Amino acid sequence: MTRLSLLLALLPAVALAQPPQQRPHIEIDRPDFKPLPLAVAPFKADTDALAAATEVNATLRGDLGLTGLFELLDPRSFLADPSEGLTAPSIRFQRWIDVGADGLVKGAVRAAGGQVSGELHLFEVRGGREGLSVTRTAPGPRALAHLLADEIVRYYTGEPGVFGTRIAAIRKVKGARELVLFDVDGKDPQVLLRDPSLAMLPAWRPDGRALLFTSYRGGKPELWTVDVSTRAVKRVASVGELATGGAFSPDGRLLAFAASEAGNSDIWVANADGSNPRRLTHDPATDTSPTWSPDGRRIAFVSTRAGNPHLYVMNADGSGQRRLTFKGTYNQTPRWSPRGDLIAFTGRDERKVFDVFLVNPDDGNDIRRVTQDQGFTNEEPTWAPSGRMLAFTSDRNGRPQLVISTADGNHQKVVTADPGELQTPAWGPLP
């Protein structure tokens, strides 16, 4: 047995011996919130797992950087001996205090039987103690890193991490549209569907096992689903001249979508299988883009009934329709936060530039800007299942690519450099 293997075998016992302590908590919603200074030390590994350990370390740092929760310290500033151990008694905490760390991540990686296992140890530097010790196994280094990142987020916030989720987007390619699944960090794209017609507007089923999308494969815009595992495609709803922009209710029992009869687009709902369609709006203006509140009691949508596209809100049965946004002249693509407190949308400003905004669903005057002076088009926001982050497309680096942002917009990163133009992202549910 190697020294590292022996160490890995002993670590769980060491962790169990630690007395329970009160864990720190990052209060994200505080007005004086500041990212927590965190040091992520290179993961240890035997020779056969060194490459995996390097990839785990890099992916973990990338994930944590996207959250906006942490100030990741530069490894070049570390003063500790690289051979320092993985248990509290073996760590010289003062050296980590000297570089400004409040938290310290250490770990070890082992590869065996086509799987990668990792030990994660999270230390409270100023208290000189271990706060978290977990072991996780995954089919590859990146998957392992995503699991570990979620553990760290949960430790500090009490909320589940989102790095085990995926983001669907439409990729524009010559002669077709592809429905592609990305990891949250924009890597490992998986083509789920290639549609020679015009496919658009993916939306996840709440159980994560299928995606709803709009396709012209039947000769006109209709709602279809694709099974994530089998890739089987099925037509779900076809109403009038078109049915488009579908969204499942939070409990998965209903669909909301826009449909047109006699040339007039309204908001409709139907059962999840497309049966029993019924109209909710009856205005002669154009009503589109429904999005459900997380409790399923309300639907926000876009309407031109005041002249220009603006956001409206109604009860899920169509009653109580009211205008929400009064600022700007072109507001579209609303997406209700899973936390229920905000709706993200695309707005066009006075310079004809599209940006991402947030609005309180109960007060249309409370509008906050997420993007500004970052390309000509930032649009189609979608929420992480935690409601703490957004994904949207931006042309700030040229063709539209996927951006991950904190909800306040203070931390944004273009995570893809895809050869195709990316459109209408949809962030999937927790696994």
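- An unreviewed UniProt entry annotates the chain as Protein TolB originating from Anaeromyxobacter paludicola.
- Of the comments in the UniProt record for the chain, the one headed Sequence similarities (unreviewed entry) reads "Belongs to the TolB family."
- According to the UniProt record, the Subcellular location (unreviewed entry) comment for the chain is "Periplasm".

1. Thoughts on the pairing of strand E19 (residues 298-303)
Now for step 1: Along E19, five of the six residues are buried, which leaves the element largely enclosed by surrounding structure.
Now for step 2: Pairing analysis gives four bridges linking strand E18 (residues 287-292) to E19, with the strands arranged antiparallel. Opposite tryptophan 292, over in E19, you have isoleucine 299 as the bridge partner.
Now for step 3: Once E18 ends, the chain turns through five residues before running back antiparallel as E19, passing glycine 296 with a positive phi of about 75°.
Now for step 4: Linking E19 to strand E20 (residues 310-315), which pair antiparallel, is a turn of six residues; within it glycine 307 sits at a positive phi near 115°.

2. Digging into the UniProt feature "domain: TolB N-terminal" (unreviewed entry) in the chain
Now for step 1: Feature annotation in UniProt assigns "domain: TolB N-terminal" (unreviewed entry) to the following positions: residues 25-129.
Now for step 2: Structurally, residues 25-129 is divided into 23% helix and 30% strand, and its ends, taken at the C-alpha atoms, are 15 Å apart.

3. Structural notes on unusual backbone geometry
Now for step 1: Although it is not a glycine, alanine 262 sits at a positive phi angle of roughly 55°.
Now for step 2: Here alanine 262 lies in the loop between strand E15 (254-261) and strand E16 (264-271).
Now for step 3: Notably, threonine 333 is not glycine yet its phi reads approximately 45°, a positive angle.
Now for step 4: The residue threonine 333 is located in strand E22 (residues 331-336) in this model.
Now for step 5: According to the relative accessible area criterion, threonine 333 is buried, its value standing at 16%.

What counts, and where the lines are drawn
- Per chain, the residues get numbers from 1 upward, laid out in the order the sequence is written.
- Only residues with pLDDT of at least 70 get local features here, since the model is predicted, and only at 80 or more are side-chain atom pairs given and counted; chain-wide, interface and lining totals rely on the full set of residues.
- Side-chain numbers come from the whole structure's heavy atoms, not from hydrogens or water.
- UniProt positions are given in the numbering used here, feature names are shortened, and annotations may be inferred rather than shown by experiment.
- Relative accessible area decides the class of each residue, using a 1.4 Å probe on protein chains only: under 20% of the type maximum gives buried, over 50% gives exposed, and in between gives partly exposed.
- For helices the rule is a DSSP run of H or I covering at least 4 residues; for strands it is a run of E covering at least 2, with both sets numbered from the N terminus onward.
- Should DSSP find at least two bridges between two strands, the strands are regarded as paired.

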